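What the coordinates show
These are the residues of each chain, in order.
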Amino acid sequence: MDRIRAFLVAVAVVTICGVPQVRSTASDHRYKAGDEVPLYANKVGPYHNPSETYRYFDFPFCSSAPVKEKKEALGEVLNGDRLVSAPYKLEFLTEKEAEIACKRKLTKEEVVKFRKAVSKDYYFQMYYDDLPIWGFLGKVEKEGKTDPADYKYYLFKHLVFEIHHNKDRVIEITVRSDPNALVDLTEDEPVDVDFMYTVKWKETNTPFEKRMDKYSLSSSLPHHLEIHWFSIINSCVTVLLLTGFLATILMRVLKNDFIKYAHDEESADDQEESGWKYIHGDVFRYPKHKSLFAAALGSGTQLFTLTSFIFILALVGVFYPYNRGALFTALVVIYALTSGIAGYTAASFYCQLEGTNWVRNLLLTGSLFCGPLFVTFCFLNTVAIAYKATAALPFGTIVVIFLIWALVTSPLLVLGGIAGKNSKAEFQAPCRTTKYPREIPPLPWYRKTIPQMAMAGFLPFSAIYIELYYIFASVWGHRIYTIYSILFIVFIILLIVTAFITVALTYFQLAAEDHEWWWRSFLCGGSTGLFIYAYCLYYYNARSDMSGFMQTSFFFGYMACICYGFFLMLGAIGFRASLLFVRHIYRSIKCE
C-alpha cells in the first residue's frame, strides 16, 4: 500500500550531522530456528491525532492465547505505550502462509466500532524484537462515489510480515495488508472474521548494529537536509546582521555617553544630567514583588539547566529512534535532580534583595512551574480517562511520580534553598540607591511594556521559526526528530538573540529615564514563549489535521506548559544579560 509506505517513510528521522549513528533498541538477542521472537501489540489510534491512542485489545481483535502485558518503564508509560502480546506468532526462520491466528464473530456494535476506526484512518503499532512496525486497520472505498452514504468500508484481515535476518539476528521487519483479504463493514450486520497472517523470511548482509538505518530514509533525502541547513543559514545570517547592526549602534551610543559624562564631570559639576546616568540612584532599586521575581529567576535557571542536560544526552546519542520513553524518563529524573538549583538561585537572590521570608519564597519557587503543570495534568488526565485512552496514567505511575516529587524534588529544593540562604552573597550594585524613587517621565506608547515585549519576542522567534515546524511535526506527529546538532545550534542562536535584544531594550529604557527595568527585562526576554504559543494556533489550524476535544485539549494544554517553561527560562536569560550590562555601564562612570 502506497499510503502505508509513505507513512513508514514519514515516521522517522535519525541522527545525522555529527551525531552518533543509531544503535539498536533491542537487546542483543540471538535466536535459533524455531525460537519465538517477542511480538508486542502496542496501541491503536487515529493517524491525525497522535495523543489519542488506545490499547490494542480495546478494539475487538481476537487472540488464540491469553493476553500478557509487558512490564513498562516510567518513560514508556508516560509516552502512552501499553505493550501486550500480539495474536500472531512469528518464530525465528519459520515461514507461514495464510495461517489463521484466531476467529471472531463481530457483533453489530463491534462492526460499528471498527467502521468508525477505519473512517478516521486508525493505524496500529507493534514491536517485533523491539523493531517498530505500523499498518492501517482498513480502507474506505470512495472511487466514483460523491455521497458519503455510498462509501464502502473494509477491514484488513490478512497481514503479511516480511522479516530480514542476518544469521541468528533479526534485522528488519515490514508488514503490509493483503488487498484481496477484506471484511465488508458497510452494513450494521454481524460478520465472521478469520484474522490471518503470512510470514516470509529473507537473508540480508546488513549488520545488527545498523538495523535502524532504514529509518533514516526521511532525513537522508537531500530535500530535507537542504531545508534544515537553509533554516540554519537563514537564522544565522539574520541574527548576525541584526545583532551586528544593534551592537554597532549600541556601542557607538555608549561610547558617546561615556565621553559626554566624563566631559561633564571635568567641566561643570552643576550641569544638569540627562539620560541613563541621571537615574543612577534608582537603577538598582529592588523590584516590586521581589519574592515572585526571585522565584521566577530560580525556576527559569532550573529549566535552562534541564534543557542543557537534555541536549548533552541527545548529542551523545541517548535519544535514538524508538528508545521508548527515554526522553520522558530523562525529563522527570533531571527535573527532580536540578530542583536544588532552583532553590539555591531563588533563595540566594531573594536574600540579596534583602528579603526575609525565604520559606515562602521557597514554596513559591517550587510551585511556580510545577503548580500550573499539575493543574493542567489533572484536567488532561481526566479527559484521557473519560476517553479511555492510553494517555491516561495508571494510578501506580502517578504514585511513582508523587514519590519522586516528595522524596527527591522537594528535599533538594529545600537543601538548595538553605544553601542559598546561607551563601551570604551580597548584591553588587556599583551605585548607591537613593531613599526616595524619582518620578518616571511620561513615555510614548511604544515604550510601554507590551509593545516592548512584542519587539523583544519577534526577533528570537524569527530565528527559530523554520525549525519549529520540524519540532512540532515530531512532538505532535509521527516523525522522530533526532537531528539534535541542528537543534542545538538553533537553541544557541535563540539564547544569544534573546540576551542581546533584551540588553538593547534595557538600554533604551534606561536612556528614557525609566528605572523599572527588572521586571521589564524578564518579561521581554521571556516574550518569545508567547510567540511560540501563537505559532501553536497557526500550526493547529493550518499545518495539522488534528481534531476532537481530547487532541485539541492535549495540544493546547501541554503546549501552554511548554511555552510557559520557555517564558521562565528565556526570561531568566534576558534578565541575567541585562543585569551584567547595567552593572557594567554604571561601573564605568563616576556616580556620586
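You'll find the structure just up there.
The text that follows walks through the structure, step by step, so that each part is easy to find. Numbers given to residues run from 1 along each chain, matching the order in which its sequence is written. The predicted nature of this model means local features are confined to residues of pLDDT at least 70 and side-chain atom pairs, given and counted, to a pLDDT of 80 or more, with totals for whole chains, interfaces and linings taken over all residues. Based on all heavy atoms of the structure, the side-chain values leave hydrogens and waters out of the count.

Comment: elements are numbered from the N terminus, with helices defined as DSSP H or I runs of at least four residues and strands as E runs of at least two. If you tally the helices and strands in the protein chain, you get 16 helices and 12 strands. Per-residue accessibility, obtained with a 1.4 Å probe over protein chains only, is compared with the maximum for each type, and a residue is labelled buried under 20%, exposed over 50%, and partly exposed between these values. For the protein chain, with 592 residues in total, the buried portion stands at 51%. For the protein chain, the exposed area adds up to about 27900 Å²; of that, 61% sits on carbon and sulfur atoms. Note on areas: Shrake-Rupley with a 1.4 Å probe; residue coverage comes only from the protein chains shown.

To continue, consider the sheet that holds strand β10 (residues 169-177). Strand order in this open sheet of 4 strands is β4-β12-β9-β10, and the pairing throughout is mixed. A single partner strand is all that each edge strand has here, and the edge strands are β4 (96-106) and β10. Geometrically, the sheet is characterised by an average inter-axis angle of 20° between neighbouring strands, direction not taken into account. Inspection of the sheet shows strand β9 (residues 158-166) paired to β10 by 8 bridges, in the antiparallel sense. Paired with isoleucine 163 across the two strands is isoleucine 173, which belongs to β10. The contact definition used throughout considers only heavy atoms, calling two residues in contact when any of these lie within 4.5 Å. Axis definition: a line fit to C-alpha positions, over the contact stretch in the case of helices; interaxial angles, taken between N-to-C directions, run 0 to 180 degrees. Across the face of the sheet, helix α3 (residues 108-119) comes into contact with β4 and β12 (191-203) while running at roughly 120° to β4. A pair of strands counts as paired when DSSP detects no fewer than two bridges linking them.

Attention now moves to unusual backbone geometry. Of note, alanine 98 is a non-glycine position whose phi angle comes to about 50°, a positive value. Within the secondary structure layout, alanine 98 lies in strand β4. For alanine 98, a relative accessible area of 36% translates into the label partly exposed. In this structure, aspartate 129 is a non-glycine residue whose phi angle is positive, near 50°. Along the chain, aspartate 129 turns up in the loop between β5 (122-128) and β6 (131-136).

Turning next to the pattern of salt bridges. We define a salt bridge as a side-chain nitrogen of Lys or Arg found within 4 Å of a carboxyl oxygen belonging to Asp or Glu. Counted under the stated rule, the structure contains 16 salt bridges. Across the pair glutamate 36 and lysine 89 runs a salt bridge, and its minimum N-O distance is 3.9 Å. Here glutamate 36, found in the loop between α1 (2-10) and β1 (39-46), pairs with lysine 89, found in the loop between β3 (84-85) and β4; they are 53 residues apart in sequence, far enough to count as distant. For lysine 89, a relative accessible area of 26% translates into the label partly exposed. With its nearest N and O atoms 3.7 Å apart, the salt bridge here joins aspartate 192 to lysine 105. Separated by 87 residues along the polypeptide, aspartate 192 in strand β12 and lysine 105 in strand β4 bring together distant segments of the chain. Accessibility assignment for this pair places aspartate 192 and lysine 105 in one class, exposed.

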